[in-house]
Structure formats: C-alpha cells, structure tokens
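Listed below are the residues making up each chain.
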Amino acid sequence: MNNRRKQKLLGTVAPLLTQGEQVELASLAKVGSVSAKRRVLTTAVVGALTAGAVIAVAQPRPMYWVLTDRRLLFVEAVQGSGRPGKLLMSLPREYITAAPASSALLGLGVKTVLTVQGQEQGLKLTFPPAVKADGRDLAGRLATAA
C-alpha cells in the first residue's frame, strides 16, 4: 500500500483511537471467503443474462485493517476510489488469535485465519502479493491459535 493511501487511512482512524492508543500496523486485505459453488453460480447467471458479454466473479471484500496496541480495526475500502471509508468492525486484541500465515493463490499472496473468542467461524484474511509482508507481520503480532 502506498504511503499516501496509508496516511489517508491513518487520518480516518485517528478520531476513533482512545487516548494513548498507538497504531502498530496498517494495510489492506480481502476479508471473508466465497464458496466455489457461489463463484460458479455468479459467473453462470451473469454470463447467461448478458449473453456472455460480461463475466462476473464473486470475491471476498477488500478492507483496510489497522492493528493498534489494543484492537484490530477494519475500515471500508470504498468501491471505485479505493479510499478508506467508514469503520466496519473493531475487535479487542485480547479476543483474537491468528493461525500462522501460509501461502495463497499459487504462492503469490498470503492468507491467515483469525479466531475471535465467542465466535464459531473464523475470519479469513487474504493478503495480495503487494502487501503479503504485512499479512505475515499481522499474523506474527497476534496471539497464535492453538
């Protein structure tokens, strides 16, 4: 993520930080997962409706994330401009554990799964090649899942 975009992200989350809270990391990730069944269905429906003129593929939602010394914040990546938008989720750091980072998509990116205490399903994060070092750093800074 370029420095200008990171500064906009930090400016967006600055009013949300509590007194004394320090930002450790900030970057971008695709959050969630889309099943193979849904991907095939979306592609087929859009292809049929447009007579093959348009192909659509369902993907996880891109979001900015900011790790502070107290919590992990997820901020909307506005469609079209890519600018940071509104706060979508705030998770206290002591309730989060991360699986070790592993290769994703032919080894080009990195993925990890966050486990949030009290939630049955983990939160899958996929980091594109440009920010895969940030993904490894995030997984390393959070408590390791057993």
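As shown above, the structure is provided for reference.
Conventions used here
- Residues numbered from 1 in each chain as written.
- Predicted model: local features only at pLDDT ≥ 70, side-chain atom pairs only at ≥ 80, totals over all residues.
- Heavy atoms only, no water.
- Phe/Tyr/Trp six-rings, centres within 6.5 Å; stacked < 30°, edge-to-face > 60°.
- Helix = DSSP H or I, 4+ residues; strand = E, 2+ residues; numbered from the N terminus.
- Buried < 20%, exposed > 50% of the residue type's maximum accessible area, 1.4 Å probe, protein only.
- Pairing = 2+ DSSP bridges.

Chemist: Give me the lowdown on the packing of aromatic side chains, citing residues and values where you can.
Modeler: The way to describe two aromatic rings as a pair is by their centre distance and the angle between their planes. Tallying each qualifying case throughout the model produces one aromatic pair. An angle of 80° between the planes, with centres 6.2 Å apart, marks the rings of Trp65 and Phe127 as edge-to-face. With Trp65 in strand 2 (residues 61-68) and Phe127 in strand 8 (residues 123-127), this residue pair connects regions lying 62 residues apart in the sequence. The exposure classification of Trp65 matches that of Phe127, with both residues buried.

Chemist: Any details on the pairing of strand 4 (residues 84-92)? Residues and values, ideally.
Modeler: Sheet analysis places strand 3 (residues 71-77) next to strand 4, joined by six bridges and oriented antiparallel. Along strand 4, the bridge assignment pairs Arg71 with Pro92. Count of turn residues in the strand 3/strand 4 antiparallel hairpin: six residues, of which Gly80 carries a positive phi of about 95°.

Chemist: Which residues make up the pairing of strand 8, and what are the values?
Modeler: Of the two faces of strand 8, the one lined by Leu123, Leu125 and Phe127 is fully buried and the one lined by Lys124 and Thr126 carries no buried residue. By the bridge criterion, two bridges tie strand 1 (residues 23-31) to strand 8 in an arrangement that is antiparallel. Counterpart to Lys30 in the pairing with strand 8 is Thr126. Two elements, strand 7 (residues 109-116) and strand 8, share five bridges in a ladder whose sense is antiparallel. Residue Thr112 lies in a different strand from strand 8, and its bridge partner there is Leu125. Connecting strand 7 to the next strand, strand 8, in antiparallel fashion are six residues, including Gly118 with a positive phi near 90°.

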